[in-house]
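Now for the letters of each chain:
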Amino acid sequence: MQTFVTEAIEWPESAPALRRKVRDLVDAHGEKDPVRRANCWTKADPEFSRKLGDAGLLGMTWPKEYGGHEMSQLERYVVIEELLAAGAPVGAHWIADRQSGPLLLRLGNEELKRRWVPGMARGEIFACIGLSEPNSGSDLASVRTSARRDGDEWVINGQKVWTTGAHVAHMMIALVRSEAGSERQAGLSQFVIPMDAPGVTIKPIIDLTGAHEFNEVFFEDVRLPASALLGEEGNGWKQATAELSLERSGPERYLSSMVLFLELVRYAGQHPDPAVTQLVGRLAAEAWTLRLMSASVAAKLARGEDPALEATIVKDLGNSYEQAIPELVQALVEMDMASDDALAAVTGYLLQVSPSFSLRGGTREILKGIIARGLGLR
């Protein structure tokens, strides 16, 4: 039976300088609103993304030939950890840098790589993911959006939903059914779809807090060249699940509520209370453990290994952690939720949005099934 083994992380010598560089950029950008800083990897700020690109902090592990910087996975980990801990608004470029760019580099033809990847590294081209569909829940294999071959073109029809960042994205990597009559995981392919292509319509989904992060995306006879096919025709299921491994492996899976933890530390310093001190210690210990687990995944990626199981475990445990923080703070600290106090404001915001943390990137039920199979359980 396979188990999760953490390891001592040998952080690169460049880590201290990278941390200072990120902190200076974040301080210069000047985002002080604690609510804006919570769950920050969904907050889009194209200007800040371009600043990161100019500083060489996007596409860090990618080949220089495509605008990257050929740095290590652990150096990239240092940068994204600092960005998330600071609550920097990284949502515009997040998907492109985390998974779309690496997927294009691994599976894309030369035309696709040249068109999209260098702009991603500059922080000028943003991406979204076309997976979820209406009435499908977490059943990704029930894809109904279709791709029909018409001469030298593909014609896309269908709909995607809960598409994060589609309204700021320049392209989508979509999973669609390319073989008529196929079912479930068979007959699926991935396509790169420009968001300004004729026939693409984006409609906003406004969440409980009034924010616009999600969207519906409609495809009506969207014509794509044959070169828009990503990877192998019919191999979309395997490609998409590999992409989800990249999505699940980062520190964003336990740092979404870190701003609230920092506000709790501030509160504890001003209001001595043994119960609050105990909660701070508990949350700090759990965060350190999750950090070690998450960094171990990055170390495996740096060695060229496939830590799909470990990444799934980190996401499951990390989601539980970041969802628990606002509930624990609300239960322990007496506060006026309608006040302007930072602790109350961030607690109120995260109580509303944190239920979604265990939905994005795969529901808890789906993750536990993956973990069970990975551990040899049936």
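For the structure itself, consult the block above.
Starting afresh in each chain, residues are numbered from 1 along the sequence in its written order. Local features in this predicted model are restricted to residues whose pLDDT is 70 or higher, and side-chain atom pairs enter the listing and the counts only when it is 80 or higher, whereas totals over whole chains, interfaces and linings include all residues. As a rule here, side-chain values cover all heavy atoms of the structure and leave hydrogens and water aside.

### Considering the packing of aromatic side chains
Point 1. Aromatic pairing here means that ring centres of Phe, Tyr or Trp (its six-membered ring) are within 6.5 Å. Orientation follows from the plane angle: under 30 degrees is stacked, over 60 is edge-to-face, and everything else is tilted. Applying the stated criterion across every chain yields a total of four aromatic pairs.
Point 2. With a centroid separation of 5.9 Å and 40 degrees between ring planes, the pair formed by Trp-11 and Tyr-77 is classed as tilted. In this pair, Trp-11 sits in the segment before helix H1 (15–29) while Tyr-77 sits in helix H4 (residues 73–86), placing the two residues 66 residues apart along the sequence.
Point 3. Consider the rings of Trp-41 and Trp-94, whose centres lie 6.1 Å apart with planes at 40 degrees: the pair is tilted. Taken together, the residues Trp-41 in the loop between helix H2 (34–37) and helix H3 (46–54) and Trp-94 in helix H5 (residues 91–107) connect sequence positions 53 residues apart.
Point 4. Accessibility expressed as a relative area gives 9% for Trp-41, which makes it buried. Strands are runs of DSSP state E lasting at least two residues, helices are runs of H or I lasting at least four, and both sets are numbered from the N terminus onward. The buried label goes to any residue with under 20% of its type's maximum accessible area, the exposed label to any with over 50%, and the partly exposed label to all in between, with areas taken from a 1.4 Å probe on protein chains only.

### Regarding the layout of surface pockets
Point 1. Within this scheme a cavity is a closed region of a 1 Å grid, computed over the protein atoms alone, that accommodates a 1.4 Å probe without allowing it to escape, whereas a pocket is open but has protein on both sides within 12 Å along at least five of seven lines; lining residues each have an atom within 4 Å of a point. Grid points are joined across faces, edges and corners, and a volume is the space filled by probe spheres set on the points. By volume, the second largest pocket amounts to about 240 Å³.
Point 2. Lining the second largest pocket are 13 residues, and of these Glu-81, Ala-85, Leu-255, Met-258 and Arg-291 lie nearest its centre.
Point 3. Listed by contribution, the elements that provide at least two residues to the lining of the second largest pocket are H1, H4, helix H8 (252–255), helix H9 (258–270) and helix H10 (274–302).
Point 4. With four residues, the top contributor of residues to the lining of the second largest pocket is H10.
Point 5. When residues are sorted by character, Ala, Val, Leu, Ile, Met, Phe, Trp, Tyr, Cys and Pro go into the nonpolar class, Asp, Glu, Lys and Arg into the charged class, and all the rest, Gly among them, into the polar class. Residue composition of the lining of the second largest pocket, by class: eight nonpolar, no polar and five charged.

### So, the pattern of salt bridges
Point 1. Salt bridges are counted wherever a side-chain nitrogen of Lys or Arg sits within 4 Å of a carboxyl oxygen of Asp or Glu. Taken as a whole, this structure holds 19 salt bridges when the rule is applied.
Point 2. Of the charged contacts in the structure, one is a salt bridge between Glu-252 and Arg-98, with a shortest N-O distance of 2.9 Å. Of this pair, Glu-252 sits in helix H8 while Arg-98 is found in helix H5, placing the two residues 154 residues apart along the sequence. Judged on exposure class, the residue Glu-252 and its partner Arg-98 are both buried.

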